[in-house]
There are 2 protein chains.
Amino acid sequence: MRQPLARELHDLLERGRDRQLRLAVTGLSRSGKTAFLTSLVNQLRHAGLEARLDLLPVAREGRLLGARRVNQQDLGVPRFPYDQAMAALDATPPHWPEPTRGISELRLTIRYRPTRRGLLGGETRELALDLFDYPGEWLLDLPLLEHDYPSWSLAQQPARGHERAALFTDWLAAAAELDPAAAADEGQLAELAERYAEGLRAAREAGFADLQPGRFLLPGELAGAPVLQFFPLPGIEGAERAALDRLPPESNYATLAKRFRHYQQHIVRPFYRDHFRRFDRQIVLVDLLGALNAGPERFEDLSRALANLMQSFDYGKRSLLSRLFAPRIDRLAIAATKADHVTPEQHGRLVALLEALLAEPLKDLRFADVPVRALSLAAIRATESREVSHQGRRSPALRGTDLSGEEQLLFPGEVPDRLPDAAFWARQGFDFPAFRPAPREGGALLHIRMDAALDWLIGDKLQ
Amino acid sequence: MRQPLARELHDLLERGRDRQLRLAVTGLSRSGKTAFLTSLVNQLRHAGLEARLDLLPVAREGRLLGARRVNQQDLGVPRFPYDQAMAALDATPPHWPEPTRGISELRLTIRYRPTRRGLLGGETRELALDLFDYPGEWLLDLPLLEHDYPSWSLAQQPARGHERAALFTDWLAAAAELDPAAAADEGQLAELAERYAEGLRAAREAGFADLQPGRFLLPGELAGAPVLQFFPLPGIEGAERAALDRLPPESNYATLAKRFRHYQQHIVRPFYRDHFRRFDRQIVLVDLLGALNAGPERFEDLSRALANLMQSFDYGKRSLLSRLFAPRIDRLAIAATKADHVTPEQHGRLVALLEALLAEPLKDLRFADVPVRALSLAAIRATESREVSHQGRRSPALRGTDLSGEEQLLFPGEVPDRLPDAAFWARQGFDFPAFRPAPREGGALLHIRMDAALDWLIGDKLQ
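Residues numbered from 1 in each chain as written. Chains lettered and ligands numbered in written order. Predicted model: local features only at pLDDT ≥ 70, side-chain atom pairs only at ≥ 80, totals over all residues. Heavy atoms only, no water.

- The name that an unreviewed UniProt entry assigns to chain A is YcjX family protein, with the source organism given as Halomonas heilongjiangensis.

See below:
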C-alpha cells in the first residue's frame, strides 16, 4: 500500500522530534509473538499503577504516567487483537490467545515526565508507539532475493536431514520427470507445486522452520495463482546455465523462472518496501525450549532458519537489504521466550544457549555496528518458582497447571548453556512441559523481564 | 497489480489483430458462475467432436477445430479450477462444483478456419480467449465511488423492507448513540463495524443481494483492518454538512470519513483499474428462479442490486466509469441461468421476466449504444424434458434427481412473464425445485443455449 507523501513527511517530523517510534515484533510461528505484544500493551497500560517495571527507569522513577490506545495510521493493516487476547487470558479456564496470521498493528500514546523538567515544571511529554507483529517466516524469504531461479533451485537442494527429506520424496519423484525444455502444461505445474507446498506444510507440522517460499504456507487470496506455482527444479546442477537461458518462453524452465521472478517482485519486495523499511526497532522471539524438545534435526533446522532470518537485520553497507530498501532499524533485541517454563537459575543458561545458537549472525551484526541485546523473558508468567526439600537438600521447582488442567510441581530440567552436540543429544533428551496461563487477579499481567526488554527497546526515548 | 508496459503493448497488438479477447463472467453469489465457466471451457474443448453447438456458426460450419488450455498471463490471479469442477461433476453421485471466491482466470487458445480462405486454402487461425470469473458483489461497490461519506451514509438509510431492516436493529441501536464530534475510540468503532458486518452477513444468508460495502462480506487478508471498520453514520440527515466538515481529524465523523475514502481508493478502484477496464466482453448471470422462490422482498432487492450492478456497463460519456477508467467492454450478455429447472415452453417467459426486471438499466445501455442481449440458458443441464398424459391431456414435465437423491418427474410451475405485483405474490408462491447434476456419460456437458451465448460473446471473432 503506498504511503501518501504528506504522511511520510509527518512521520519524518514526528520522528525528528522523537515523538514517534515504530517497534516491530517477530518470530517463527509458536515463538510467542501474540503473548509478547499482549503483555507489552498490558504493561504500558498499567504503568504507574500495578505494573511491575523496576528494570525500566522511567517507570521506577515514577515518571511513566501510562499509555492509551489510539487510532493506527495504516488503514489497510489489521489491528492487533489485544482485547481478544485478554479475553482468552481471562476465560475460565484461561487459555493462550489465538496466534495472529500475517501482519497486524496497534498504536499507543505513552505519556511521561522527562528527566529534565522545563522552567514551568510539571511538564509531560508524549511518545507515539506503533507496534507491529508479523510472521518471522516472511523474513525467511529475504535470501530468495539474492538468487535467480537456477541458483535458488541449487540452494534448495542440499540434503537437509533424513526426516525432512522424507517429506519431499513424493514431490521429488514427480518433479524429477519434468523436462525443462518441454512446453509448460499449466495443470502439471500446478500439481507439482501443490505437492511441493504439501511437503512444506508437512515439514512445518513436523516442527521444521527453515521453509521457503514462505507465502506457500499462508497463500491467502493468492491460493491457486500461478505466482505460487513454482518449485526448485531438481537436477539443475548438471545443466549448463547458458543452455537453460536459451530455452523458449513457453518451456517449463522459462515458465518457472518467470513465476519465481514474479514472486520476488510482487510478494517478497512489497513487505520490505511497504513495512519493513519503516520499522525503527525490532525484537525477534525464539522458542528455544520447544526446539530442544523437538530433537537434534529440528534444532539444527531452527539454527539455519534463524541465520537466514537475521540477515534482514545485517545492515552492512554492502548487504542486499541496505542496497534495496535502506532500512532504518537502529536497535535489535533477541529474546528466548517462555523463560517461566524453566526454573530461575536456568535463565542465564537460556541466554547463553541463545547466544551460542546465534553466534554467527551476532558477530555479523556487531561488525555492522547494529546494537543488539540477547535476553530471556516470559511475556505472561504461567508458573510460580518454588523450592522443594528432598532428603535435606533444597532444590528449585516450578508450580503451574499443565495444558490438561493438572496442577504440577516439578523441576523441568536443565538447559544446556552451549550448543548440544550429538553426544549431548544421545545422553539427554529434553521434555520441557507446557503450562497454561495462570488465572488472573486483575491488575497487570505477571511477567519475567518484560521491563528489561522495554528498557532496551524504548527506554532511551522516555528520558 | 501493475501491468508492465511491455505486456500492455503486446495485448494491444494482439487485440488489434483480433487474436486476443478477454471475456468476463460475473453474477451475484449462487447465480451459476462456476457452472457457466466450466461448461464454456468444456464446450470449446469438445468443439468439433461431441459438443452440440448448432447455434454457433463456426461450429455448425465445421470450422471450429477445438481449444487448448494455455498459461494465463496474470501470474497474481488464481487459476479457474476447471479440473476440480469437472471432478465434482464426475463424482458418484455427481454434485455441483464448489463456488469460486474472488477473481480467477483461465486462458484458452481456440483454433478455427476462417470463412474466407487464403490463397493456399487449409489455413487455420488462433484466438487467445482469456476467461475471467469475479463476484458480482464487487460491482455493487461502484456506486460508492460517486459518494462522499455523508452522502453515502444518507443513501444507505432509506427503509428497505422490514425483514432486511430487522437484521440491522442491533447495529442501529448501538450506532445511534455514537457522537460524531467525540474523539474516536478505535475499539468502539471496530465493534460497531463488526455489528454492521454481521448485519450484512445475516442479510446475505437471508437471500438479500443489494449489500454494500462488498468487501465486508469477503474480508480476506484485510480482516480486522481499519479500512473495513466504518459504517453509514445514522441520523446524518439532520446535521449540517459544513458543521460536520469542521469536526477535528480525531473525531468519530472524520475517522469514519477517512476510512470510507481509503476504501474507495484502495479497495474499489484497484479492481476497476487493474482488471475491469481490460475486459472486452462480459456476461452477467442472474438466478431468477431462486429470487422468485425467495419472495417479494428479496425479489425487489435483487432488482435494486442488479440496477446497481448494471451501472458498471453504462458507458454513457458522462458516466462515472467512463470518466474514471475508460473501460472497453463492447458487448454484453445478460442470462437467466438454470433454465433447465423449468419446462422448455417457459424459457421465453424467463427471458421476458429478465427483461422486465432489467427494463431501466437496459434502456440506459441501449441509449449509450452498448450492444446487449438477454437470454436464458442452462450451463450444465440437470434435467430431461418430458411430456406426461393426465386424463387424456398431454402436458410438459421435467425429469431429474433432486438434491436429496430422489428421482422426480414434475411440472415445476409457471414463470411470470412480467414483474409480479403484490396481488400476484399473494395469489401464487413459487417453489421451483433444485436438481443435482445428472451423471455424465463422457463427451461434452449437456447444456441449453450455451452455443447461443458463445455466438453472441465470441462468434464475431471466429469468422
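### Examining the relation of the copies chain B and chain A
Part 1: Of the two same-sequence chains, chain B is brought onto chain A (RMSD 0.0 Å, axial shift 0.1 Å) by a rotation of 180°. In the structure described here, the two chain copies are related by an operation that fits a two-fold rotation axis.
Part 2: Looking at the interface residues of chain B, 100% of them are also at the interface in chain A, so both copies use one shared face. (Least-squares fit on C-alpha atoms with pLDDT ≥ 70 in both. Contact = heavy atoms within 4.5 Å.)

### So, the interface of chain B and chain A
Part 1: Contacts between chain B and chain A engage 30 residues on the former and 31 residues on the latter.
Part 2: Summing both partners gives a buried area of about 2500 Å² for chain B against chain A, and 50% of it is carried by carbon and sulfur.
Part 3: Considering only the surface of chain B that becomes buried against chain A, B:Leu75, B:Arg79 and B:Glu186 emerge as the three largest contributors, covering 29% of it.
Part 4: Counting across the interface, chain B meets chain A through four salt bridges.
Part 5: Here B:Glu221 makes a salt bridge to A:Arg215, at a shortest N to O gap of 3.9 Å.
Part 6: Counting the contacts that link chain B with chain A gives nine residue pairs in polar contact (both at pLDDT 80 or more).
Part 7: Taken together, the elements giving at least two residues each to the side of chain B that touches chain A come down to α8 (186–205) and α10 (252–274) of chain B. (Buried area = accessible area lost by both parts, 1.4 Å probe. Salt bridge = Lys/Arg side-chain N within 4 Å of Asp/Glu carboxyl O. Polar contact = N/O pair within 3.5 Å; in protein donor to acceptor, adjacent residues only side chain to side chain. Helix = DSSP H or I, 4+ residues; strand = E, 2+ residues; numbered from the N terminus.)

### Brief notes about the domain arrangement of chain A
Residues and elements named next belong to chain A.
Part 1: Segmentation of chain A into domains returns domain 1 (2–138 + 275–382 + 439–462) and domain 2 (139–273).
Part 2: Domain 1 and domain 2 are separated by 33 Å when their C-alpha centres are compared.
Part 3: Each partner contributes to the roughly 2700 Å² buried at the junction of domain 1 and domain 2, and carbon and sulfur atoms together form 59% of this total.
Part 4: Considering only the surface of domain 1 that becomes buried against domain 2, Trp138, Glu297 and Arg298 emerge as the three largest contributors, covering 26% of it.
Part 5: Here domain 1 and domain 2 share three salt bridges between them. (Domains from an automatic or database assignment.)

### Some remarks on the side chain of A:Arg63
Residue and element names in this part refer to chain A.
Part 1: Mapped onto the elements, Arg63 comes out in the loop between α3 (57–60) and β2 (64–70).
Part 2: Arg63 sits in the buried class, given a relative accessible area of 10%.
Part 3: For Arg63, the side chain forms a polar contact with the side chain of Glu61, separated by 2.8 Å.
Part 4: Within the structure, Arg63 has its side chain in polar contact with the backbone oxygen of Arg113 (distance 2.7 Å).
Part 5: Ignoring anything within four residues of it in the chain, the contact list for Arg63 reads Pro57, Val58, Arg111, Tyr112, Arg113, Pro114, Thr115, Leu462 and Gln463. (Buried < 20%, exposed > 50% of the residue type's maximum accessible area, 1.4 Å probe, protein only.)

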